[in-house]
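Each chain, letter by letter, is given below.
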Amino acid sequence: MSANNWDSSLYDDRHSFVWRAGAGLIELLNPEPGERILDLGCGTGHLTAQIAQSGASVLGLDSSTSMIAQARQNFPGLKFALSDARDFRFDEPFDAVFSNAVLHWVHDAGSAVRCVAAALRPGGRFVLEMGVKGNVRRLRTAIEDVLTEAGHQPKCPWFYPSAAEYATILEEHGFEVRMAQTFDRWSKLEHPERGLREWLEMFAGPYFEGIAREDHERMLRMIEERVRPELNRDGVWWVDYRRLRVEAVKLA
Ligand code: BEZ
């Protein structure tokens, strides 16, 4: 799996907690009827649709063709477009940019924040949630240890800055940070036996690119056994998510 080659059915079937947990972020966005809002990294479109219920005019943007196809199928009345978070531009400015559980895939945060700033009107708001420093620490340690012990050099596909690091990037691109909050959100996985395996297949694929399927399988089993004491409670899998929530405003 590359970050641009998502299994959108697995995402909607088993990982709906990602967008369900993001619903509280819409309260922070507080969309108003008639506002123009960009949903950056809209995935399968569920939060785009919730924003649209406010009467705002929303455009969902994602870099994955399968996510955009699924979003169009889920919500045929809404607008979706394919674009890279590091390289997009619009002629007509937005009142707000919203982003849930996407920016931890974007290592080049400066380019993404530059595009967001250019897409907003002065005074426009940027409301985001992403993994923060220490996100999925137990899982990440096990993945990287198992890969290293097998002679690989693990390359983390995720970008988990601290609140201060991300606030600095926002300020460098003309934002004032009104709120930045870091918090734990342990998340329960849907399938009792296969939950962790499905999470690893959905989100950790880039770690295993180029590795033979049987070696990959063996490593997945080792990872499961290493994290089981901490991440499996009474037969149910949990992931140790930590989130960063930010509200920033583009200065005039
Ligand atoms: C997250 O939402 O925190 C996350 C998503 C994919 C991989 C790792 C973490």
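Everything numeric in this text was worked out from a predicted model, so none of it was measured.

Examining the pairing of strand S3 (residues 79-82)
Phase 1 of the analysis: Taken together, the four bridges between strand S2 (residues 57-62) and S3 define a ladder with parallel strand orientation. By the bridge assignment, leucine 61 is partnered in S3 with alanine 81.
Phase 2 of the analysis: Each parallel crossover has a hand, and the one from S2 via helix H5 (residues 65-74) to S3 is right-handed.

What about H5?
Phase 1 of the analysis: Residues Met67, Ile68, Gln70 and Ala71 constitute the buried set of H5. Buried positions in H5, seen along its axis, are confined to an arc of 165 degrees and lie on one side of it.
Phase 2 of the analysis: Those residues of H5 hidden inside the fold are in contact with helix H1 (8-14), S2, S3 and helix H9 (195-203).

Here we look at the packing of helix H6 (residues 109-119) against helix H8 (residues 163-172)
Phase 1 of the analysis: Interhelical geometry of H6 versus H8 gives an angle of 50 degrees and a closest axis separation of 9 Å. By the angle between their axes, H6 is oblique relative to H8. Like other packed secondary-structure pairs, H6 and H8 cross with a definite hand, here right-handed. Facing H6, whose interface residues are Ala109, Gly110 and Val113, H8 presents Tyr166, Ile169 and Leu170.

Things to note about the state of the cysteines
By definition, a disulfide links two cysteine residues through a covalent bond between their sulfur atoms.
Phase 1 of the analysis: Evaluation of the coordinates by the stated rule reveals zero disulfides.
Phase 2 of the analysis: Lacking any disulfide linkage, cysteine 115 is separated from the closest cysteine sulfur, that of cysteine 42, by 16 Å.
Phase 3 of the analysis: Take cysteine 115: its relative accessible area is 10%, and that puts it in the buried class.

As for the site of the ligand
Phase 1 of the analysis: His104, Trp105, Asn135, Trp158, Tyr160, Trp199, Phe203, Tyr241 and Arg243 make up every residue found near the ligand.
Phase 2 of the analysis: The side chain of histidine 104 places a nitrogen or oxygen atom 3.5 Å from an oxygen atom of the ligand.
Phase 3 of the analysis: In this structure, an oxygen atom belonging to the ligand sits 2.5 Å away from a side-chain N or O atom of arginine 243.
Phase 4 of the analysis: Contact with the protein chains covers 99% of the free accessible surface of the ligand, which is 260 Å².

So, helix H7 (residues 137-149)
Phase 1 of the analysis: Its 13 residues give H7 an end-to-end C-alpha distance of 18 Å, which sits within 8% of 18 Å, the value for a rise of 1.5 Å per residue.
Phase 2 of the analysis: The set of residues buried in H7 consists of Leu139, Ala142, Ile143, Glu144, Val146 and Leu147.
Phase 3 of the analysis: Of the surrounding secondary structure, the elements contacted by the buried residues of H7 are H9, helix H10 (213-231) and strand S8 (236-250).
Phase 4 of the analysis: Where H7 ends, the next residue or the one after it, glycine 151, has phi of about 90 degrees, a positive value.

Some remarks on the nonpolar core
Phase 1 of the analysis: Of all hydrophobic cores here, the largest spans 48 residues; its most connected members are Leu139, Ile143, Trp158, Trp199, Leu200, Phe203 and Phe208.
Phase 2 of the analysis: Setting aside residues up to four positions removed in sequence, leucine 139 forms contacts with Leu196, Trp199, Leu200, Ile223, Val227, Leu231, Val239 and Asp240.

Notes on the pairing of strand S4 (residues 94-100)
Phase 1 of the analysis: Taken across its seven residues, S4 has seven buried, putting it largely inside the fold.
Phase 2 of the analysis: Both S4 and strand S5 (residues 120-131) contribute to a ladder of six bridges, which runs parallel. Residue pairing across strands places alanine 96 opposite arginine 125, the latter belonging to S5.
Phase 3 of the analysis: Where the polypeptide runs from S4 across H6 and back to S5, its parallel neighbour, the crossover connection is right-handed.

Points about the packing of H7 against H10
Phase 1 of the analysis: Running from N to C, H7 and H10 point in directions that differ by 145 degrees, and their axes come no closer than 9 Å. In the packing of H7 onto H10, the handedness of the crossing is right-handed. Of H10, the residues touching H7 (which contributes Arg138, Leu139, Ala142, Ile143, Asp145, Val146, Leu147 and Glu149) are Met219, Met222, Ile223, Arg226, Val227, Glu230 and Leu231.
Phase 2 of the analysis: Residues that form the contact of H7 with H10 fall into these classes: 10 nonpolar, no polar and five charged.

Thoughts on the environment of tyrosine 160
Phase 1 of the analysis: You can see tyrosine 160 is positioned in the loop between H7 and H8.
Phase 2 of the analysis: Once residues within four sequence positions are removed from consideration, tyrosine 160 is found in contact with His104, Gly131, Val132, Lys133, Asn135, Val136 and Arg140.
Phase 3 of the analysis: There is a polar contact of 3.4 Å between the side chain of tyrosine 160 and the side chain of asparagine 135.

About the thresholds
- Residues numbered from 1 in each chain as written.
- Predicted model: local features only at pLDDT ≥ 70, side-chain atom pairs only at ≥ 80, totals over all residues.
- Heavy atoms only, no water.
- Pairing = 2+ DSSP bridges.
- Helix = DSSP H or I, 4+ residues; strand = E, 2+ residues; numbered from the N terminus.
- Right-handed = clockwise from strand over helix to strand, strands pointing away.
- Buried < 20%, exposed > 50% of the residue type's maximum accessible area, 1.4 Å probe, protein only.
- Arc of directions from axis to C-beta.
- Contact = heavy atoms within 4.5 Å.
- Axes fitted to C-alpha atoms, helices over the stretch in contact; angles between N-to-C directions.
- Parallel < 35°, antiparallel > 145°, perpendicular 65-115°, else oblique.
- Left-handed = near helix turned anticlockwise from the far one by under 90°.
- Disulfide = S-S within 2.5 Å.
- Near = heavy atom within 4 Å.
- Polar contact = N/O pair within 3.5 Å; in protein donor to acceptor, adjacent residues only side chain to side chain.
- Areas by Shrake-Rupley, 256 points an atom, 1.4 Å probe, with all protein chains shown as cover.
- Expected span 1.5 Å × (residues − 1).
- Core = buried A, V, L, I, M, F, W, Y, C linked by side-chain atoms within 4.5 Å.
- Nonpolar A, V, L, I, M, F, W, Y, C, P; charged D, E, K, R; others polar.

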